[in-house]
Amino acid sequence: MSNRIQTPIVRFAKLVKNDWQPTLANSLPIPRAHSESKEEAFGRIGNILGAIALPAHPRLADCEAQAVLSHLEDGDRPEASWVNFLDVLGIQPCHTELYELQPEPELFKGIVPMRWRGRDFAALCSMLGFQAASTASTKTTMELPTQWSGPLGWMQFRASSEGCVVEFRLRMGEGCPTYLPYDTREFFKNARAAPMHFVRRAWQSIGGYVYDSLDSSTSAGIGVNCAPRILFFSGIRDKKKVKPPPRTVDELLRQVMAKKGASDDDLRNIVLGSQQEQWNDDPANEGSDSEGSRLLDGLSQLLPSDVGRGPRHNPGQRKTKDSRKLELLTEDPGLLHTVADGTWADTRGLHWRNRVDEYCRFLISDAELAIRGNCFRAGNLCIDKTKLLPRVKSALRFLRPDGFYFSPTHLMAADLKDIFEHVMSQLSTCKKSDIFSPNAMNPLQAIRQGQPMTTVSAANKQKHPVQPHEIVLHAATLVNAVHFATQNSRNHLRHEEIKLLSNASWMLTQILQHTGPCAADFEWSVMMCAPLFEHLLKWFGSEDFKLDTEFLDRPCVAIELVDGEENTSKIRFENKGYVNKMWPSERLTGTYMLPLVGNGDLDGKTVIYGFLNVLFIYFWVIPLRWSSDVQRYDSTIPLSVTMV
């Protein structure tokens, strides 16, 4: 009889090979229907256990399965925790391509166990956001007992005569509701679900970004079936100085001209770089007329009056140097062959050779950054504009909410925090609980009240497209609700809210994709340009701003290339009456410079879509994330793990 029991074996590489798209269930237990008999429940749960086709019949011949299920009562879950785990993952008996069956001759304390290969188990848990209770290490063996925690629950490890035993405890708490209106919840609940791509999540769990090398403007919905490229950033390689590339006189003058309104100190850093640091550190140079100063004064004679005419440097007053170091990303081919992350990719079945662009990082100062010149700064990250920035742009377009909590490595989370630093800073200083004020949404609410409630599925059945004002209204309501929850330290939102946020982001991503490349470029601009995001946030949150059909349907933004600057565009708000009326005069700058943005004109709803989508991505990536570190146990976890 015991040989009739079979349990599934799940291999991570097999999930990658079959391009598994997880359908993660809610963390709450789902009680069975009261109309289901206990005998039928035995048969259903027995099939989940992997036992041989147990019939839904009162006579259950398999005594071991009877013992496993003997404690099943109305509304209870099966005693074997791995059944709950596979059920939450959405792996069902019909998914035969995702698992293999093997005989299980023995019970573990009356429970049919499931065997995992240690590396596969650590890889899957890292993708699901589990975190180790103690510091994870790649050098010392995993200590037992220990516990991992994640958004789905807890993994409790202990040693036994059978080796390493793990038990999954399902998270029973509901999390924090966002108190969404019923119509907004139903609107996004019935929308098209955001797809979850297993390979992308697998790379994110070890610090890799998926991007499309053929077209940097590719959005998140393209390139799914083709083999994408991977962008990988490692930690700090070493602390030695990076020798800057040699500069010609033309390049030097171009860098100086670009610093319009810069002070003499800034220009001195550009011209002399690290030599100026040595000059300032030498007490003998206090108050002297240095050769560098004479060179700078001579250079300023050739510049316009508004360049290099900032506050004069007082030689008798020492300038306090900024100790904050910048991180310069430098291409380093072959890096994955020398670090543990390459081994992690191999054990996960991720075919990465000849498909990964590897970068290490060096610590540099502001003066050294000024010497290099052609870099885009995002927080502490310094990104080369020519080669790396287009890759980063494509990688960020593949970074979209996918229906579950974002689970990066700690290093990837820190890099994304640098990229979204201006968004986080502006939202943290925003004293209002709502990003969009109620007055701003009143015109759309009035239109909405005069119409029957419509969901996305109902609109599809009637073959009528969803109206833009409905999308904007519900998306703005969802943004306000999530912002209020995260601002009040309620960072563990329910899985249901994460799904709604993901569906909303996917809807906006699809709309921006079909609108054209200029719409996606504007989203990229809001994500990377701090002044633009700040002014939009203050504009949309002001009491004077009104979300009405006039603003949604008319053009208000023009994007044009800047003469003489390659791959750089100027974003300009059109001088329209309704724009001037709602745009406070003290913030009417209206012009923003950003690389990798093309020409085009945008109407109000496209501007709102891009701004809302950036907020959805930010919430998913920063405050709602579950960073994981259990991937570091790849080589130190026991070879075999028994799950009971």
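Everything discussed here concerns the structure shown above.
Note that this is a predicted model, so its numbers are computed, not measured.

Novice: I would appreciate a short explanation of the overall build of the protein chain in the present structure.
Specialist: Within the protein chain, the regular secondary structure consists of 25 helices and 18 strands. A buried classification covers 54% of the 644 residues belonging to the protein chain. Considering only contacts within the protein chain whose residues lie at least 6 apart along the sequence, 80% involve residues at least 24 apart. Just so you have it, the protein chain exposes about 29000 Å², and 50% of that area is on carbon and sulfur atoms.

Novice: I tried to follow the packing of aromatic side chains on my own but got confused; where do I start?
Specialist: Two descriptors summarise a pair of aromatic rings, namely the distance from one centre to the other and the angle between the planes of the rings. Taken as a whole, this structure holds 23 aromatic pairs when the rule is applied. Aromatic side chains Phe406 and Trp620 sit 4.7 Å apart centroid to centroid with 40° between the ring planes, which places their arrangement in the tilted category. You can see Phe406 sitting in the loop between α14 (388–398) and α15 (410–419) and its partner Trp620 sitting in helix α25 (residues 604–621), a full 214 residues away along the chain. Using a relative accessible area of 0% as the deciding quantity, one classes Phe406 as buried.

Novice: Please clarify how the sheet that holds strand β11 (residues 356–364) should be interpreted in this entry.
Specialist: Note: strands within a sheet are paired through backbone hydrogen bonds, in either parallel or antiparallel orientation. The strand order across the open sheet built from 6 strands is β8-β9-β11-β10-β13-β12, with neighbouring strands paired in mixed fashion. The strands lining the two open edges of the sheet, one partner per strand, are β8 (208–211) and β12 (375–378). Each adjacent strand pair in this sheet contributes to an overall mean axis angle of 30°, direction not counted. With 2 bridges connecting them, strand β10 (residues 326–331) and strand β13 (residues 381–384) associate as parallel partners. Within β13, the residue paired with Leu328 across the bridge is Cys382.

Novice: It is not clear to me how the packing of helix α6 (residues 182–189) against helix α20 (residues 495–515) should be interpreted in this structure. Could you clarify?
Specialist: Helices that pack against each other are described as a pair by the angle of their axes relative to one another and the distance between those axes. One way to put it is that α6 packs onto α20 with a least axis distance of 9 Å and a crossing angle of 65°. Classified by the angle between their axes, α6 and α20 sit roughly perpendicular to one another. Seen along the crossing, α6 lies across α20 with a hand that is left-handed. Taking contact as the criterion, the partners of Arg185, Phe187, Phe188 and Lys189 in α6 are, on α20, Glu496, Glu497, Leu500, Asn503, Ala504 and Met507. Classifying every residue of the contact of α6 with α20 gives 5 nonpolar, 1 polar and 4 charged.

Novice: Where do I start with unusual backbone geometry in this structure?
Specialist: Note: most peptide bonds trans; most residues except glycine with negative phi. With an omega of 0°, the peptide bond running from Leu144 to Pro145 counts as cis. Along the chain, Pro145 falls in the loop between β4 (131–132) and β5 (146–149). In the Ramachandran plot, Asn354 falls in the positive-phi region, its phi being about 65° despite a non-glycine side chain. Secondary-structure assignment places Asn354 in the loop between α12 (340–347) and β11. Of the residues examined, Asn354 reaches a relative accessible area of 76% and is grouped as exposed. At Leu596, a position not held by glycine, the phi torsion is positive, near 60°. Relative to the assigned elements, Leu596 resides in the loop between β16 (591–595) and β17 (600–603). Take Leu596: its relative accessible area is 15%, and that puts it in the buried class.

Novice: Please explain the pattern of salt bridges as it appears in this structure.
Specialist: Any two side chains of opposite charge can pair, given that their charged atoms come close. Counted by the stated rule, this structure contains 25 salt bridges. When the shortest N-O distance is used, the salt bridge between Glu167 and Arg158 registers 3.8 Å. Residue classification places Glu167 among the partly exposed residues on the basis of a relative accessible area of 21%. With a closest N to O distance of 2.9 Å, Arg397 and Asp521 form a salt bridge. Taken as a pair, Arg397 in helix α14 and Asp521 in helix α21 (residues 517–528) lie far apart in primary sequence, 124 residues in all.

Novice: Would you take a moment to explain the nonpolar core for this structure?
Specialist: The tendency in soluble globular proteins is for nonpolar side chains to be buried side by side. If you look at the biggest cluster of nonpolar residues, it comprises 157 residues, and the most contacted ones within it are Trp148 and Met155. Element by element, the count of residues in this core is highest for α25, at 13 residues. The next biggest cluster of nonpolar side chains, apart from the first, holds 6 residues, and it includes Leu326, Leu328, Leu369 and Cys382.

Novice: Help me out: how do you make sense of helix α16 (residues 421–429) in this one?
Specialist: Given 3.6 residues per turn, any residue in an α-helix points the same way as the ones three and four places further on. Among all positions in α16, only His422, Val423, Gln426 and Leu427 are buried. Taken around the axis of α16, the buried residues stretch over an arc of 125°, which confines them to a single face. For α16, exposure combined with an orientation more than 90 degrees from the buried face picks out Ser428 and Thr429. Here the buried face of α16 lies against α15, α19 (468–487), α21, α22 (530–541) and α25.

Novice: Whenever I open this one, the sheet that holds strand β3 (residues 114–117) confuses me. Can you help?
Specialist: With mixed pairing, the 6 strands of this open sheet are ordered in space as β3-β18-β7-β6-β5-β4. Taken across any chain shown, the strands that pair with only one partner, and hence form the sheet edges, are β3 and β4. Sheet topology places strand β6 (residues 153–160) next to strand β7 (residues 163–170); 8 bridges connect them, and they run antiparallel. Looking at the pairing, Ala159 lines up with Cys164 of β7. Its contacts with the sheet place helix α5 (residues 118–127) against β3, β5, β6, β7 and β18 (640–643), and it is angled at close to 85° to β3.

Here is what the cut-offs are and how they apply
- Within each chain, residue numbers correspond to sequence positions counted from 1 in written order.
- Per-residue local features of the predicted model are confined to residues with pLDDT of at least 70, and side-chain atom pairs are confined, for both listing and counting, to 80 or more; whole-chain, interface and lining totals are unaffected and use all residues.
- The basis for the side-chain values is all heavy atoms of the structure; hydrogens and waters are excluded.
- Working definition: helices are DSSP H or I runs of at least four residues, strands are E runs of at least two. Numbering for both runs from the N terminus.
- Per-residue accessibility, obtained with a 1.4 Å probe over protein chains only, is compared with the maximum for each type, and a residue is labelled buried under 20%, exposed over 50%, and partly exposed between these values.
- Throughout, a residue-residue contact means that at least one pair of heavy atoms, one from each residue, lies within 4.5 Å.
- Surface accessibility follows the Shrake-Rupley procedure with a 1.4 Å probe radius. Residue values consider only the protein chains on display as shielding.
- A pair of Phe, Tyr and Trp rings is counted when the ring centres sit within 6.5 Å of each other, with Trp represented by its six-membered ring. The angle between the planes then sorts it: under 30 degrees is stacked, over 60 is edge-to-face, the rest tilted.
- By definition, two strands form a pair when at least two bridges between them are found by DSSP.
- Between the N-to-C directions of two axes lies an angle of 0 to 180 degrees, each axis being a line fitted to C-alpha atoms and, for a helix, fitted only over the stretch in contact.
- Working definition: roughly parallel below 35 degrees, roughly antiparallel above 145 degrees, roughly perpendicular at 65 to 115 degrees, and oblique for all remaining angles.
- When the near helix sits turned anticlockwise from the far one by under a right angle, the crossing is termed left-handed; a clockwise turn instead gives a right-handed crossing.
- Note on residue categories: nonpolar means Ala, Val, Leu, Ile, Met, Phe, Trp, Tyr, Cys or Pro, charged means Asp, Glu, Lys or Arg, and polar means any other residue, Gly included.
- Whenever a carboxyl oxygen of Asp or Glu lies within 4 Å of a side-chain nitrogen of Lys or Arg, that contact is scored as a salt bridge.
- Grouping buried Ala, Val, Leu, Ile, Met, Phe, Trp, Tyr and Cys residues that are joined through side-chain atoms within 4.5 Å yields what is termed a nonpolar core.
- Think of it as the arc spanned by the lines of direction from the helix axis to the C-beta atoms.

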